[in-house]
Amino acid sequence: MTSVCLLLMIAGAGDQPAVKLNVASKAFTESVILGEIVRELGEHEGYEVKHRQQLGGTGLVWKALLAGDIDVYPDYIGTITQMILKDETLRDEQAIRAALAKHRVGMTATLGFDNSYAIGMKEEVAERLAIRRISDLRSHPEFKFGFSNEFVDRAEGWPGLSRRYQLPQTKVRGLDHSLAYLALDGGDLDATDLNTTDAQIKMYGLRVLEDDLKHFPNYSAVLLYRLDLEQRAPSFVAALKRLEGHITQDTMLALNEQVELEDVSEDRAAAGFLARELSVGEVIPEPSQSERTAALIERLTRHTLEHLLLVVVSLSAAIFVSVPLGVIAAKRPTLGHGILSAAEIIQTVPGLALLILLMSPVRWLGLSVVGPAPAIAALFLYSLLPIIRNTYTGIHDIPHSMRESATALGLTRWAQLRQIELPLASRLILAGIKTTAVINVGYATLGGLIGAGGYGELIMQGLRKSSEAKMLEGAIPAAVLALIVKWLFEFSERLLIYKGLRLKSAG
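Residues numbered from 1 in each chain as written. Predicted model: local features only at pLDDT ≥ 70, side-chain atom pairs only at ≥ 80, totals over all residues. Heavy atoms only, no water.

Student: I'd like a rundown of the environment of Tyr219, residues and numbers included.
Tutor: Its location among the elements puts Tyr219 in the loop between β9 (206-208) and β10 (221-226). Counting along the chain gives 141 residues from Tyr219 to Gly78, while the straight-line C-alpha distance between them is 4.7 Å. If we skip the residues at most four places from it in the chain, Tyr219 touches Tyr76, Ile77, Gly78, Thr79, Phe113, Asp114, Asn115, Ser116, Tyr117, Arg154 and Glu156. (Helix = DSSP H or I, 4+ residues; strand = E, 2+ residues; numbered from the N terminus. Contact = heavy atoms within 4.5 Å.)

Following this line, the structure appears as structure tokens:
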């Protein structure tokens, strides 16, 4: 009887998990839709699944997969061989799987569609100049090209394409993919890279140029997942494999167009696909106006709390570190020069570069490289200089006569600092903190690039969908929050700074 009960317990536990799974997607619509399909499929299997949307490029999501911060994400055969494994000799799926297995990563069979790179132009321009093939671009050295940053760096991207077709153009710049479409539509560019399932091809009336030399490799879509999922969540892996061959080229294009052109949310598009193709779940009905309003309020509340977390934690840590460093810099001139120089150097590092550079230290600390940790670390480092500099200036500029008077009264150095120097410098110190807080509210939007949430996620969604309304949904609250922070600090100044110092400042 005991054995039977034990077997029933094991069978009942089966694969019903207390396992939490993380799905990721890159920063373009198709990847987000595929991520939503995987998330909803996992939830249908009974798992708690979180989708970390629009994490950026291939390098970031691949590192997150290897580190265990995510469990699965969609990618493409060509990207895997060219950018991840960097082995163009890998031709068949079995060889690619064997190479990925060395990294403890598995790969599904193709999902059923190919999203190859292509080169596109405005239809009316291409027709007027009789350009139909990529080879035809050789006759127009004056053309201005704008490619996605990843395409500029890929071996089979612009470097390989220009060599293969012997293209003479020199006016080539890298920029965000969504911005490239806008620049092409506005006439600032003559050609850009496309993905063959992009809804923007129809949206902007583009001509896809024929790859007459067959330069671009196979870009069949697949799902990459951590191999340990086969033990941790075998039914989830089985669910992933149900997608194999079920997403055709036309289906993916239609899903992209629903989101990009018809303003259907990614989760609704994903739910509709699963209900129609796999009989999983049901189609999410069109929300009513009241539901849209409630969703907007919920969305803004959630992103506001996420944004405040980034700002408050980073600013608090910066105050705790910067004020003592500013005091040391004022008291020890030689050491102070080094402290200020180091803070100034950190301030010159571009925001995105700093986020990427901080991922390794964050990983060493045992924290996730996807989410708020790298963003908080970057904001903390950016916050150091204004507070250190103002603390240093406030204490350094105290008249020497006051210091002599304090010494004559018999005050110790600590008592002088606490009772005289810091109160006199408080106005400048608080001004540095206020400036830092306002700047942090703006810088925190960079967190949208690495799944840290906040208003940056909304701005990234708007950029990805070429939706000004969605971008403003993130940008306007960020501006309002910055003003509120400024007003709060001005009010705090009345409470924290002695009245005499305030009157002196006003005079």
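Now that the structure is up, let's keep going.
Student: Report on the sheet that holds β9, specifying residues and quantitative values.
Tutor: Sheet architecture is open: three strands sit in the order β8-β5-β9, paired in antiparallel fashion. The outermost strands of the open sheet, each flanked by one partner alone, are β8 (192-195) and β9. The average undirected angle you get between the axes of adjacent strands in this sheet is 50 degrees. Taken together, the three bridges between strand β5 (residues 117-122) and β9 define a ladder with antiparallel strand orientation. Residue pairing for β9: Gly120 is matched across the bridge by Val208. In this fold helix α9 (residues 177-185) packs onto β5, β8 and β9, with an angle of close to 120 degrees to the strand it touches most, β8. (Pairing = 2+ DSSP bridges. Axes fitted to C-alpha atoms, helices over the stretch in contact; angles between N-to-C directions.)

Student: Please provide a residue-by-residue account of the packing of helix α15 (residues 289-331) against helix α16 (residues 333-348), values included.
Tutor: Put simply, α15 and α16 touch, their axes get as near as 6 Å, and they point 135 degrees apart. Compared by their axis directions, α15 and α16 come out oblique. Residues Leu325, Ile328, Ala329 and Lys331 of α15 touch α16, and the partners they reach there are Pro333, Leu335, Gly336 and Ile339. (Parallel < 35°, antiparallel > 145°, perpendicular 65-115°, else oblique.)

Student: With reference to specific residues and values, describe the packing of α16 against helix α19 (residues 372-396).
Tutor: Where α16 meets α19, the closest approach of the two axes is 8 Å, and the angle between their N-to-C directions is 145 degrees. For the pair α16 and α19, the crossing hand works out as left-handed. Side by side, α16 and α19 meet where Ile339, Leu340, Ala343, Glu344, Ile346 and Gln347 of the first sit next to Leu381, Tyr382, Leu385, Ile388, Arg389 and Tyr392 of the second. Within the contact of α16 with α19, the residues separate by chemical class into nine nonpolar, one polar and two charged. (Left-handed = near helix turned anticlockwise from the far one by under 90°. Nonpolar A, V, L, I, M, F, W, Y, C, P; charged D, E, K, R; others polar.)

Student: Run through the packing of aromatic side chains, naming residues and quoting values.
Tutor: As enumerated under the stated definition, the model contains twelve aromatic pairs in all. When the ring of Tyr117 is compared with that of Phe151, the centres are 4.9 Å apart and the planes differ by 65 degrees; the resulting orientation is edge-to-face. Placement of Tyr117 in strand β5 and of Phe151 in helix α7 (residues 149-153) is noted, with a sequence separation of 34 residues between them. Geometrically, the ring pair formed by Phe151 and Phe216 is tilted, given 6.2 Å between the ring centres and 50 degrees between the ring planes. Remark: Phe216 occurs in the loop between β9 and β10 and Phe151 occurs in helix α7; sequence separation between them is 65 residues. For Phe151, a relative accessible area of 0% corresponds to the buried category. Residue Phe216 is classed as buried on the basis of its relative accessible area, which comes to 10%. (Phe/Tyr/Trp six-rings, centres within 6.5 Å; stacked < 30°, edge-to-face > 60°. Buried < 20%, exposed > 50% of the residue type's maximum accessible area, 1.4 Å probe, protein only.)

Student: Could you give me a rundown of unusual backbone geometry, with the residues and numbers involved?
Tutor: Residues other than glycine seldom take positive phi values, yet Ala130 does so here, at roughly 55 degrees. Inspection of the secondary structure assignment puts Ala130 in the loop between α6 (123-128) and β6 (144-148). Positive phi, normally seen in glycine, also occurs at Asp263, with a value near 60 degrees. On the secondary structure map, Asp263 appears in the loop between α13 (249-261) and α14 (266-277).

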